[in-house]
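Descriptive analysis of the structure
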Amino acid sequence: MALPDLDDLIAEVDRRCDTAHRPGGQEQPDWLALLTVAAQLAGQMQALADDLVEDYVEHCRMHGSSWTDIGAALGVTRQAVQQRFHAPHKRYSPETMTEGLRQAMVHVKQAAVQHRNNYIGTEHLLWGLTAQDNSATRLLQAAGVSSETVHRSVGTRLSMGASQAAERIAWTPYSRKAIAIAEARSEQNGSERIDCDDLLVGLAQVGRGVAANVLTEAGFDPAALNATTAATRSSPNG
């Protein structure tokens, strides 16, 4: 894959901010508007680069690499790499989840342990969300998608690993992003706890990972379901 050079990036800024260029070239372009777009593009590229490194740091941790070794690979100290990749990650406790999501998380953990995986990926999350009736399965139903079909489809993509460390299961970067989206969605809906449908939408909106692929193949489009969200939360368990 060829990386974009500076000319490519300048062309992209021009494309995104074509209104900054005066008609007929009679006047100077709006340099401040172009600078704003350039900064936005640079921020997006930096976020993507951070995600790339974070993904490989997570895999190194999953496969037994120490923080000292990871820091050496990145050219920084152990303390620096821990501060960057370990301390900021928020752990989501059962108190932040509805009863329905807590029940789903039991199935999520079981899927990881039974398949001897030392990580919780988006596939485990989707499998747990569709293991029994909850607001996620009702949201799928509202979208015309069979939760049973999704459950079977994601189940075929759970691969057997060789981990013995059931208590050291780490969330993958895409899984953490999905629950971060879920948290933001629950707050936007005025809820103090994350529900199953929030996490389902988070998995779909991440756009990458096994769960997103399964949901896309099933025809699930969360953007078209805003009007139906309230109906999915009719159950006391959520």
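**What about the pattern of salt bridges?**
Tallied over the entire structure, the rule returns seven salt bridges. A salt bridge links R15 to E12, with the shortest nitrogen-to-oxygen separation between them at 2.7 Å. Of the two residues, R15 and E12 are both situated in helix α1 (residues 6-16); the distance of three residues between them amounts to about one turn of the helix. Residue R138 is joined to D133 by a salt bridge in which the shortest nitrogen-to-oxygen separation is 3.1 Å. Relative accessible area serves as the criterion here: at 13%, R138 is assigned to the buried category.

**Considering the environment of T122**
Mapped onto the elements of the fold, T122 is located in helix α6 (residues 122-129). T122 sits in the buried class, given a relative accessible area of 4%. Other than its neighbours up to four places away in sequence, T122 contacts T172, Y174, S175, L203, G209, V210 and A211.

**Quick look at the confidence of the model for the protein chain**
The predicted coordinates ought not to be read in detail in places where the model reports low pLDDT. In this model, the protein chain carries an average pLDDT of 84, and 85% of its residues clear a pLDDT of 70 or more. Looking over the protein chain, one finds the lowest element-wise mean pLDDT in strand β2 (residues 170-171), namely 78, and the highest in α6, namely 96.

**What to know about the side chain of S175**
Relative to the helices and strands, S175 is located in helix α9 (residues 173-188). Only 3.1 Å separates the side chain of S175 from the backbone nitrogen of T122, close enough to count as a polar contact. S175 has contacts with I120, G121, T122 and L125, leaving out every residue within four places of it along the chain.

**A short note on unusual backbone geometry**
With phi around 55°, R116 is a residue other than glycine that occupies positive phi space. Take R116: it is sitting in the loop between α5 (99-114) and β1 (119-120). Taking the relative accessible area as the measure of exposure, R116 reaches 35% and is therefore partly exposed.

Definitions and limits used
- Residues numbered from 1 in each chain as written.
- Predicted model: local features only at pLDDT ≥ 70, side-chain atom pairs only at ≥ 80, totals over all residues.
- Heavy atoms only, no water.
- Salt bridge = Lys/Arg side-chain N within 4 Å of Asp/Glu carboxyl O.
- Helix = DSSP H or I, 4+ residues; strand = E, 2+ residues; numbered from the N terminus.
- Buried < 20%, exposed > 50% of the residue type's maximum accessible area, 1.4 Å probe, protein only.
- Contact = heavy atoms within 4.5 Å.
- pLDDT = per-residue confidence, 0-100.
- Polar contact = N/O pair within 3.5 Å; in protein donor to acceptor, adjacent residues only side chain to side chain.

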